[in-house]
Amino acid sequence: MADTYFKNLDDDSKKKYVSQVLERCKQVWGVDELHEIEDENGRRALGHNASTMKMWLSRPSMPWDFILTTAIKKNVSLDYLLLNINENTSLEDVRPEELLETVNKIVAGSLEESADFGIIDPTFVPTITKKIKTSLEDALTIKAKPSKSA
């Protein structure tokens, strides 16, 4: 999912997402800057140089090795590093409207691409997109918990 999600973002959104992931990596290492990270063998930044780290944000590219190494060495979940979800949070806590917007962009893009390749009739794309969007909105809407009456 992360690859599909990431590759469909525009460059500004990719930069923001990579920045957020790297920020969580810094938090679990307890440092202010990535280059301050040091593993048990004394390797700074887990063997990555400063220019490589700057490239992660400027390109932007997801530093999978760095993230996986952080998860393993600090015993933290990839759910937390990549999605900011831990045992005390769920997707509902991660602003579902942003998730919905991203999923809608991916769905619409995939449908338009399918139409471009002649897989589906282009005139059906708006209707299918609207139906999927409505279904996703219903599924991701946070339902109010019924109050307990005394």
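Structural notes on the packing of helix 2 (residues 11-29) against helix 4 (residues 64-74)
Put simply, helix 2 and helix 4 touch, their axes get as near as 11 Å, and they point 30° apart. In terms of axis orientation, helix 2 runs roughly parallel to helix 4. Seen from above, helix 2 lies across helix 4 with left-handed handedness. Across the interface between the two elements, Val21, Leu22, Cys25, Val28 and Trp29 from helix 2 touch Phe66, Ile67, Thr70, Lys73 and Lys74 from helix 4. Residues belonging to the contact of helix 2 with helix 4 are distributed by class as follows: seven nonpolar, one polar and two charged.

Topic: the layout of surface pockets
The method is simple in principle: a probe with the dimensions of a water molecule rolls over the atoms, and the space it marks as empty is what remains. Of the volumes computed, that of the second largest pocket is approximately 200 Å³. Ser19, Leu22, Glu23, Lys26, Glu33, Leu34, His35, Ala50, Met53, Lys54 and Leu57 together form the lining of the second largest pocket. Sorting the residues of the lining of the second largest pocket by element identifies helix 2 and helix 3 (50-58) as the ones contributing at least two each. Per-class residue counts for the lining of the second largest pocket are five nonpolar, two polar and four charged.

Observations concerning the nonpolar core
Of all hydrophobic cores here, the largest spans 22 residues; its most connected members are Tyr17, Leu34, Ile37, Trp56, Met62, Phe66 and Ile67. In terms of residue count, the dominant contributor to this core is helix 2 (six residues).

So, the packing of aromatic side chains
This model, assessed by the stated rule, comprises one aromatic pair. Geometrically, the ring pair formed by Trp56 and Phe66 is tilted, given 5.0 Å between the ring centres and 50° between the ring planes. Here Phe66 lies in helix 4 and Trp56 lies in helix 3, a separation of 10 residues in the sequence. Neither residue differs from the other here; Trp56 and Phe66 are each classed as buried.

Things to note about the confidence of the model for the protein chain
The share of residues in the protein chain with pLDDT of 70 or more is 77%, and the mean pLDDT across the chain is 76. Within the protein chain, the element-level pLDDT minimum falls on helix 1 (residues 2-7), averaging 59, and the maximum on helix 2, averaging 89.

Criteria and cut-off values
By convention here, each chain's residues receive numbers from 1 onward along its written sequence. Under the rules for a predicted model, residues below a pLDDT of 70 receive no local features and side-chain atom pairs below 80 are neither given nor counted, while totals for whole chains, interfaces and linings still include all residues. Only hydrogens and water are removed before side-chain values are computed, so all heavy atoms of the structure are retained for them. In this analysis, axes come from line fits to C-alpha atoms, helices being fitted only over the stretch in contact, and the angle between any two N-to-C directions falls in the range 0 to 180 degrees. Each helix corresponds to a stretch of at least 4 residues labelled H or I by DSSP, and each strand to a stretch of at least 2 residues labelled E; elements are numbered beginning at the N terminus. Should an angle lie under 35 degrees it is considered roughly parallel, over 145 roughly antiparallel, and from 65 to 115 roughly perpendicular; all remaining angles are considered oblique. By definition, any crossing whose near helix is turned counterclockwise from its far helix by less than a right angle is left-handed, and any crossing with a clockwise turn is right-handed. Contact criterion: two residues are considered in contact whenever any of their non-hydrogen atoms come within 4.5 Å of each other. In the scheme used here, Gly and all other residues not listed as nonpolar or charged are polar, with Ala, Val, Leu, Ile, Met, Phe, Trp, Tyr, Cys and Pro taken as nonpolar and Asp, Glu, Lys and Arg as charged. Cavities and pockets are found on a 1 Å grid laid over the protein atoms alone: a cavity is a set of points where a 1.4 Å probe fits but cannot escape, a pocket is an open set with protein on both sides within 12 Å along at least five of seven lines, and a lining residue has an atom within 4 Å of such a point. Grid points are joined across faces, edges and corners, and a volume is the space filled by probe spheres set on the points. Here, nonpolar core means buried Ala, Val, Leu, Ile, Met, Phe, Trp, Tyr and Cys residues that are tied together by side-chain atoms lying within 4.5 Å of each other. Classification of residues uses two cut-offs on accessible area relative to the type maximum, computed with a 1.4 Å probe and protein chains only: under 20% is buried, over 50% is exposed, and between them is partly exposed. Centres within 6.5 Å make a pair out of two Phe, Tyr or Trp rings, where for Trp the six-membered ring is used; the pair is then stacked when the planes are under 30 degrees apart, edge-to-face when over 60, and tilted otherwise. The pLDDT score gives, residue by residue, the confidence of the prediction method on a 0 to 100 scale.

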